[in-house]
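Next come the chains, spelled out residue by residue.
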Amino acid sequence: MRQMDRYPFIFAIVLFLLAWMLGLPVRAQSAPLDDIHCTLIQDEQSGETLYQDGVCDQRVSPASTFKVPLALIGYDSGILSDEHTPSWDYKPEFKAAKRDQKTVDPTIWERDSIVWYSREITRQLGAEKFAFYVSKLGYGNKDVSGDAGKDNGLTQSWINSSLEISPAEQTAFLRQLLAGKMPVSAKAHEMTKAILPTFTTGDWAVQGKTGSTRLGQDGKRSLGWFVGWAEKDGRRIVFAKLVVDARRTDTPKGIATRAAFLKDLPQLVK
């Protein structure tokens, strides 16, 4: 190797060592850089995979699908009481989009995916209790530290930040929830199931939560989730659909992902 050819390699090594010594993030970011497509459907009781397409074991940000475990946490901790309590008024300091500048209760929170309501729950929990609950639930990589050096884990960790989960882990989590086996109260299980948005497609009754965000520092890849469960003729399945790509959509990618799944479900599982 010529001396000049060594310079880029040496320069890269020096940058890596500097980042490591300064505590800057050097975590692999392969997931946001690549397209990911997964549709995973499993039997709720046995866990048998009924349909799988794409890469379903790669972790990415949960985005607003994190409202499912956060509801469990909110009800178990007593911050949330029922479908409509507490009802919190919007405050200008929340700096939310215009559509979210309204009074919100738990049902509206899940239905309209209100980020500021999530953040009010985590603020009331506090950092220590929040981290304890996420670890206790075994959710994804359980990392609620947030962006390196920004001390924002309490309000940002689940949105294009440190917390990540795979589609396979999403369905495993949902099976535990439906079986009532989460380490939280029975009320927390029931209320979480009660406030999750409902849909119908063919003969299927569906409950699920979308998630949308842009990934990576450049934001070139957008993410769309739809996770939940569906019932037909006494049979129940759990599912996770994930799309990560650079394709632009007129609606948030989570909503587009939900529409695609609802359209396909009757043909995917008979």
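Residues numbered from 1 in each chain as written. Predicted model: local features only at pLDDT ≥ 70, side-chain atom pairs only at ≥ 80, totals over all residues. Heavy atoms only, no water.

> Looking at this structure, how should I read unusual backbone geometry?
What is expected of a backbone is that most residues other than glycine have negative phi and most peptide bonds are trans. With an omega of 5°, the peptide bond between Thr85 and Pro86 qualifies as cis. Following the sequence through the fold, Pro86 ends up in the loop between helix H3 (67-77) and helix H4 (106-112). Of note, Ala63 is a non-glycine position whose phi angle comes to about 50°, a positive value. Mapping Ala63 onto the fold places it in the loop between strand S2 (49-54) and H3. The backbone of Ser113 shows a phi angle near 55°, a positive value even though the residue is not glycine. We classify Ser113 as buried; its relative accessible area is 14%. (Helix = DSSP H or I, 4+ residues; strand = E, 2+ residues; numbered from the N terminus. Buried < 20%, exposed > 50% of the residue type's maximum accessible area, 1.4 Å probe, protein only.)

> For this particular structure, what's the right way to read the UniProt feature "modified residue: N6-carboxylysine" (unreviewed entry) in the protein chain?
The sites that UniProt annotates as "modified residue: N6-carboxylysine" (unreviewed entry) are Lys67. Positionally, Lys67 belongs in helix H3. Not counting residues up to four positions away in its chain, the partners in contact with Lys67 are Trp109, Glu110, Ser113, Ile114, Val115, Ser118 and Lys209. (UniProt positions renumbered as here; feature names shortened; annotations may be inferred. Contact = heavy atoms within 4.5 Å.)

> In this structure, what is going on with the nonpolar core? I would like to understand it.
The tendency in soluble globular proteins is for nonpolar side chains to be buried as a group. With 56 residues, the main nonpolar core has Trp109, Trp116, Tyr117 and Ile121 as its most contacted residues. Sort the elements by how many residues they give to this core and H3 lands first, with six residues. Contact partners of Ile121, with chain neighbours within four places excluded, come to Leu70, Gly74, Ile79, Leu80, Trp88 and Trp109. Grouped together as the second largest cluster of nonpolar side chains are twelve residues, Phe199, Trp204, Val206 and Ala230 included. (Core = buried A, V, L, I, M, F, W, Y, C linked by side-chain atoms within 4.5 Å.)

> Help me out: how do you make sense of the pairing of strand S5 (residues 221-232) in this one?
Consecutive residues of a regular strand have side chains that alternate between opposite faces of the sheet. Where burial is concerned, most of S5 is hidden: ten out of the twelve residues are buried. Direction of pairing for strand S4 (residues 204-215) relative to S5: antiparallel, over a ladder of eleven bridges. In the strand pairing of S5, Leu215 is matched with Arg221. In sequence, S4 turns back onto S5 through a hairpin of five residues, with Gly216 there showing a positive phi of about 75°. The pairing of S5 with strand S6 (residues 235-245) spans eleven bridges and is classified as antiparallel. Paired with Gly224 across the bridge in S6 is Val243. (Pairing = 2+ DSSP bridges.)

> What should I look at first to understand the confidence of the model for the protein chain in this one?
For any part of a model where pLDDT is low, the fine detail of the predicted coordinates should not be relied upon. Mean pLDDT for the protein chain: 90, with 88% of residues reaching 70 or above. Segment residues 1-12 is flagged for pLDDT under 50; beyond a separation of four residues in sequence, or across chains, it makes one contact in the model. Across residues 23-32 the pLDDT falls below 50, and counting only partners more than four positions away or on other chains, this stretch makes 18 contacts in the model. (pLDDT = per-residue confidence, 0-100.)

> Help me understand the sheet that holds S6 in this model?
Through backbone hydrogen bonds, the strands of a sheet pair up, either in parallel or in antiparallel fashion. Sheet architecture is open: six strands sit in the order S2-S1-S6-S5-S4-S3, paired in antiparallel fashion. Only two strands of the sheet have a single neighbouring strand rather than two, namely S2 and strand S3 (198-201). Neighbouring strand axes in the sheet, compared pairwise and without regard to direction, differ in orientation by 20° on average. Here five bridges tie strand S1 (residues 36-43) to S2, and the two strands are oriented antiparallel to one another. Each residue of the ladder has a partner; that of Thr39, found in S2, is Asp53. Helix H10 (residues 253-268) rests against S1, S2, S3, S4, S5 and S6 of the sheet, and its axis sits at about 40° to S5. (Axes fitted to C-alpha atoms, helices over the stretch in contact; angles between N-to-C directions.)

> Is there a simple way to explain the pattern of salt bridges in this structure?
Taken as a whole and judged by the stated rule, the model has ten salt bridges. Arg99 serves as the salt-bridge partner of Asp100, at 3.1 Å between the closest nitrogen and oxygen. Taking the shortest distance from any N to any O, the salt bridge between Glu231 and Arg236 comes out at 3.7 Å. Its relative accessible area of 36% is what places Glu231 among the partly exposed residues. (Salt bridge = Lys/Arg side-chain N within 4 Å of Asp/Glu carboxyl O.)

> Teacher, can you tell me more about the state of the cysteines here?
Note on terminology: disulfide describes a covalent bond linking the sulfur atoms of two cysteines. Summed over all chains, the structure comprises one disulfide. A sulfur-sulfur separation of 2.1 Å characterises the disulfide bridge that pairs Cys38 with Cys56. Between Cys38 and Cys56, the S-S dihedral sits near 105°, and the bridge is therefore right-handed. A residue pair is termed long-range when its members are at least 10 positions apart, and Cys38 in strand S1 and Cys56 in the loop between S2 and H3 qualify at 18 residues. For Cys38, a relative accessible area of 1% translates into the label buried. (Disulfide = S-S within 2.5 Å.)

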